[in-house]
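Coordinate analysis (summary)
Take a look at the letters that make up each chain.
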2 protein chains.
Amino acid sequence: MSETLLSSRNLAFELYEVLDAEALTQRERFADHSRETFDAAIGTARSIAEKLFAPHNRKSDEHEPEYVEGAAQLIPEIKPAVDAFLDAGFLNATREFEVGGMQLPNLLSQACFAHFQSANAATTSYPFLTMGAANLIESFGSEEQKQRFLQPMIDGRFFGTMALTEPHAGSSLSDIRTRAEPAADGSYRLKGNKIFISGGDHPLSENIVHMVLAKLPDAPPGVKGISLFIVPKFLVNDDGSLGPRNDVVLAGLFHKMGWRGTTSTALNFGDNGQCVGYLVGQPHQGLSYMFQMMNEARIGVGMGAVMLGYAGYLYSLDYARQRPQGRQPDGKDPTSAQVAIVDHADVRRMLLTQKAYVEGAFDLGLYAARLFDDTQTLATEEERQTALELLDLLTPIVKSWPSEFCLKANELAIQILGGHGYTRDYPVEQYYRDNRLNPIHEGTHGIQSLDLLGRKVSMNGGAALKQLVKLIQDCCHRAGEHESLNALRQPLEQLLARLSAVTLALLGDLMSGKVNQGLANSALYLKVFGHLVIGWRWLEQAIRAEQGLATGSAADRDFYQGKLQAARYFLTWEVPSCHHELAILEARDDTCLSMQNSWF
Amino acid sequence: MSETLLSSRNLAFELYEVLDAEALTQRERFADHSRETFDAAIGTARSIAEKLFAPHNRKSDEHEPEYVEGAAQLIPEIKPAVDAFLDAGFLNATREFEVGGMQLPNLLSQACFAHFQSANAATTSYPFLTMGAANLIESFGSEEQKQRFLQPMIDGRFFGTMALTEPHAGSSLSDIRTRAEPAADGSYRLKGNKIFISGGDHPLSENIVHMVLAKLPDAPPGVKGISLFIVPKFLVNDDGSLGPRNDVVLAGLFHKMGWRGTTSTALNFGDNGQCVGYLVGQPHQGLSYMFQMMNEARIGVGMGAVMLGYAGYLYSLDYARQRPQGRQPDGKDPTSAQVAIVDHADVRRMLLTQKAYVEGAFDLGLYAARLFDDTQTLATEEERQTALELLDLLTPIVKSWPSEFCLKANELAIQILGGHGYTRDYPVEQYYRDNRLNPIHEGTHGIQSLDLLGRKVSMNGGAALKQLVKLIQDCCHRAGEHESLNALRQPLEQLLARLSAVTLALLGDLMSGKVNQGLANSALYLKVFGHLVIGWRWLEQAIRAEQGLATGSAADRDFYQGKLQAARYFLTWEVPSCHHELAILEARDDTCLSMQNSWF
């Protein structure tokens, strides 16, 4: 049977030929690991994902969570799947051995997790959200909070959520209204309403730990007045047993276009004035805590988008190889046998486009995960800081690029299946609906573009950008050693040169106070920057593919040829398209900015 | 309340300022009409669409047709809506007064129909399919067939379908296997299976008339051996009363991502050897008959895609004007009031893009409808033939461009609503799901691109293409009279020149036998050609807007300014993007063609 979640050969290429995962075992933290332990973890992930996650992906879509007597009910297949995930240790894949973790690199954890994301995006959300909440407490919580809330999360008894959005405050978190009043016992009483809280209620765990953004009475206005609180569904006694139900009420469920298996909830905090919360870290620092967790969360969202694209690509490829239809344009004899549609040039275009988008974004997601490992385990503080700056810069791309282009891949997968692809008898339409969430949550596309141009490229005097430029130049230099790659390298070099100049010009605008003008076309900037980054990652893959062709086994020739062709597609069909957006950016075109509300 | 289906002002602009609908009343066929009768028909359409079609659009999506004891059951709201449509005469809007029609121009019929398509794509399908089937019988059926089947369709008692696709034959109709054997009484006995037959069963009419493609025993192979048959659900007696049930069985329903209110059926013909059919016209001419009806059907599909885009645009515009969120980039004071999101530059970009796509495609659809009127009512056969050639050339664009770009508009509408747009509490996610069908049915995107480049541009020595080039040149010339339009005219002229050269080169390839190579990148050609056509239509609109600003009322200034800004967006942000695809076409790039199956 064809592989359905991802290509194992491609994953091995990424880990061991492109990203040199084995080098990580030289670091002290990962010294007990080896390629064998890495591959064993991946094998376990694939097996559980195939056997317990994939089979109920459609059922979860058809039977979304139901609101029954104040609680969300799920289909029964979700709990055994999540339990198997927990039992295999994936929730704590990166934690130390001594707390029961696998002490794996983040790179390997993401590689394992990718299988679950491909198999069933919705079910995977429950542990994903729990990981995020646990990481927040681990980084910023008190020892007492860690013992009371984090340890049961690590043990898989408690799950977690992130509760940010309110009905009137989504992208604009500075306007949240949830309030937290200090109580006599040192805890707080929260009051407010949150919406779109994924995993906000379910029967998968004994307790749910909500990480809630709220404002203290003395909070300064805006984002600098937001604090972070632990608000458990059930209070927890000193001995770790569950206490009474906290004053958090499931007000309702949202019904979404896709991603239906994940409960999306409206939660009311403190309707009866009894909602107990615990301040995490310092007052008014809540948003900065959240943002320090954002890189990991956004890599996760980006990888989620990649894996939906990947699943659709593999399905449509398999379909195209099986489905006979029509003949070549130059072979119209109606009595001749029909050809498989993979042989039609336009179908091949749609498959190659998917491959280029999906495998390009997959590489970037794993590259970012490895960079995250560098931020944790490089030898010196300076090296770790350098890695963190690059990761900060890349994060908007890691999150947004797959959200746009792997969604486009899903659109193409449907097209390849034609009328069948539009029915619910095939999985591709669900991937498309599921993936449409990704440009919205964890910071919309527009927010990512403002983050990139308005903050990331200029931070620390543009240090991260300089680092990235150097990496790309170095890649182009190495590509120059392969004559066959000249035609691929040149478009990237041209894009880099022109984008660098545009960046300087736009930053000049921003620094001279033309903020609205400079940021007006940030969406175009995001697209070009993203294509630069993905183009770079494809050129890296192409270099490894040339090396593989020269030194690898004959059995791998097709694989490497495919890599080179996808790199050629991306670098010669996609990268040059950006000159159009660059011209608009260079001209400081104000077509959209000058449009008036009354003119619509 | 804001308008929800389409902008009446924009429709009036199209009819009376751009397309000069009143001039049609000078033609004999439309002599009894006037702007007043046109507007009365439009008013009736809007009223019925708002009151009876729009209200059950969501319910239809949530309660799709059910298979109950061999029949498809629908929600009860559909029949009164369709009945009101029939009672108001829209099924026969273009037919002669003497057969009970309104004798309206096709332009006006499409303008009326657009309201229903915007309000409820699924319910609108039932009369749409009936119109197509009726037109086939009217054009190619015998007098006896017209009396027995067409008249009850005109009367609204019988509905119709088009039954082409089979499980193994979708795009490749030459491979259909349904057979028709002559019977002693001059009728035929059909045997075969059809899938994806929209409206193939429902309780809306006394009878359903299937227009079925099948092959006679002596049929030559391929498309030249396909014949067309009338196959009624119930046989019809000589006195017009219903006879026994024919041997057509509803084998099942398809469950789709969107467009759920329209039954999509699998039909078995002749499981018991008793399926009676009647040959329409001559043997083996079935596909050519179908194709002669294709222009109208494809205009209808294209307009359907436009109107889903239009509905989403208007909804997201209204939302953006109401929804406060965040502040301008240069106004970060968190104590200041939030602005409506329509004031954010990136939201404005998403709205302006939608406006440019939707109103550009709306104009083209109506232009094509008017051209259809020319094919029917221009004074001389030569003029009618000239109009038909242009319509033939434009049809792939009219069908495919909105299917791609108004779907993109729907994607942007969701994005503007953010998390809310992803829930089923708002209509935009349904528009997106509904619209995803349009690039697939009535000839996929790939088929349209082959039709355009492989057939339409070269037909009759390129006569239609020359005609189009002349129209665009003339438009640019008139635009040149407005200095303000220079910046809009020039990109179109550049695109026209370069595309003309590319077309000649590609046709040269095709004529010299390089068929596979010449057609390999036809999808890119389709995009560029479509942008040329929509760019031309926007320049025409811009000219009228300039005239309106000069001579129109002050109250219309905002409207005309909006037109100019959308034209500026399309001609300076979208049209120049095509040089990227043109470069690939010029280079005869074979990246996709040379990709090998084994390399994926």
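Residues numbered from 1 in each chain as written. Chains lettered and ligands numbered in written order. Predicted model: local features only at pLDDT ≥ 70, side-chain atom pairs only at ≥ 80, totals over all residues. Heavy atoms only, no water.

1. Notes on the relation of the copies chain A and chain B
Mapping chain A onto chain B calls for a rotation angle of 180 degrees and an axial translation of 0.0 Å; the resulting RMSD is 0.0 Å. Here the two chains are linked by the operation of a two-fold rotation axis. Residue Ser577 of chain A of chain A places its C-alpha closer to the rotation axis than any other residue of that unit, at 3.7 Å. A shared binding surface is used by both copies, with 100% of the interface residues of chain A retained as interface residues in chain B. (Least-squares fit on C-alpha atoms with pLDDT ≥ 70 in both. Contact = heavy atoms within 4.5 Å.)

2. Thoughts on the interface of chain A and chain B
Contacts between the two partners involve 94 residues from chain A, matched on the other side by 94 residues from chain B. Surface buried jointly by chain A and chain B totals about 8400 Å² across both partners, of which 57% is contributed by carbon and sulfur atoms. Of all residues in chain A, Tyr422, Trp573 and Phe600 of chain A give up the largest surface area on contact with chain B, accounting jointly for 12% of the area buried on that side. On the surface where chain A and chain B come into contact, there are 7 salt bridges. Of the charged contacts, one joins Asp590 of chain B and Arg568 of chain A as a salt bridge, the two residues approaching to 2.6 Å between their closest N and O atoms. For the interface between chain A and chain B, the tally reads 61 residue pairs in polar contact (both at pLDDT 80 or more). For the side of chain A that touches chain B, the leading source of residues is helix α17 (residues 557-574) of chain A, giving 8 residues. Here the residues of the side of chain A that touches chain B are counted per class, giving 38 nonpolar, 33 polar and 23 charged. (Buried area = accessible area lost by both parts, 1.4 Å probe. Salt bridge = Lys/Arg side-chain N within 4 Å of Asp/Glu carboxyl O. Polar contact = N/O pair within 3.5 Å; in protein donor to acceptor, adjacent residues only side chain to side chain. Helix = DSSP H or I, 4+ residues; strand = E, 2+ residues; numbered from the N terminus. Nonpolar A, V, L, I, M, F, W, Y, C, P; charged D, E, K, R; others polar.)

3. Observations regarding the nonpolar core
Membership of the largest hydrophobic core comes to 315 residues, with the highest contact counts inside it found for Phe362 and Phe529 of chain A together with Phe362 and Phe529 of chain B. Apart from the residues lying within four places of it in its own chain, the contact partners of Phe529 of chain B are Leu393, Ile397, Leu452, Val457, Leu465, Leu468 and Leu499 of chain B. (Core = buried A, V, L, I, M, F, W, Y, C linked by side-chain atoms within 4.5 Å. Buried < 20%, exposed > 50% of the residue type's maximum accessible area, 1.4 Å probe, protein only.)

4. Topic: the packing of aromatic side chains
Overall, the coordinates contain 51 aromatic pairs over all chains when judged by the stated rule. Taken together, a centroid distance of 5.2 Å and an interplanar angle of 65 degrees make the contact between Tyr188 of chain A and Phe229 of chain A edge-to-face. Of the two residues, Tyr188 of chain A sits in strand β5 (residues 188-198) while Phe229 of chain A sits in strand β7 (residues 227-232), which places them 41 residues apart along the sequence. For the pair Tyr188 of chain A and Phe229 of chain A, one class covers both residues: buried. By the ring-pair criterion, three or more aromatic residues cluster together here, those being Phe53, Phe85, Phe90, Phe113, Phe116 and Phe128 of chain A. Across the ring face of Phe234 of chain B, the terminal group of Arg245 of chain B is positioned such that the distance to the ring centre comes to 5.6 Å. (Phe/Tyr/Trp six-rings, centres within 6.5 Å; stacked < 30°, edge-to-face > 60°. Lys NZ or Arg CZ within 6 Å of the ring centre and 35° of its normal.)

5. Overview of the UniProt feature "domain: Acyl-CoA dehydrogenase/oxidase C-terminal" (unreviewed entry) in chain A
In the UniProt entry, the feature "domain: Acyl-CoA dehydrogenase/oxidase C-terminal" (unreviewed entry) is given for residues 285-450 of chain A. Segment residues 285-450 of chain A splits into 75% helix and 0% strand. End C-alpha atoms: 22 Å apart. (UniProt positions renumbered as here; feature names shortened; annotations may be inferred.)

6. Concerning the side chain of Asn410 of chain B
Considering the arrangement of structural elements, one finds Asn410 of chain B in helix α10 (residues 381-417). When residues no more than four places from it in sequence are discounted, the contact partners of Asn410 of chain B are Leu308, Gly309, Gly312, Tyr431, Tyr432 and Asn435 of chain B.

7. Observations concerning the environment of Phe38 of chain B
All names here are of chain B. Mapped onto the fold, Phe38 is located in helix α2 (residues 35-53). Take Phe38: its relative accessible area is 0%, and that puts it in the buried class. With 73 residues separating them in the primary sequence, Phe38 and Ala111 have C-alpha atoms 9.5 Å apart.

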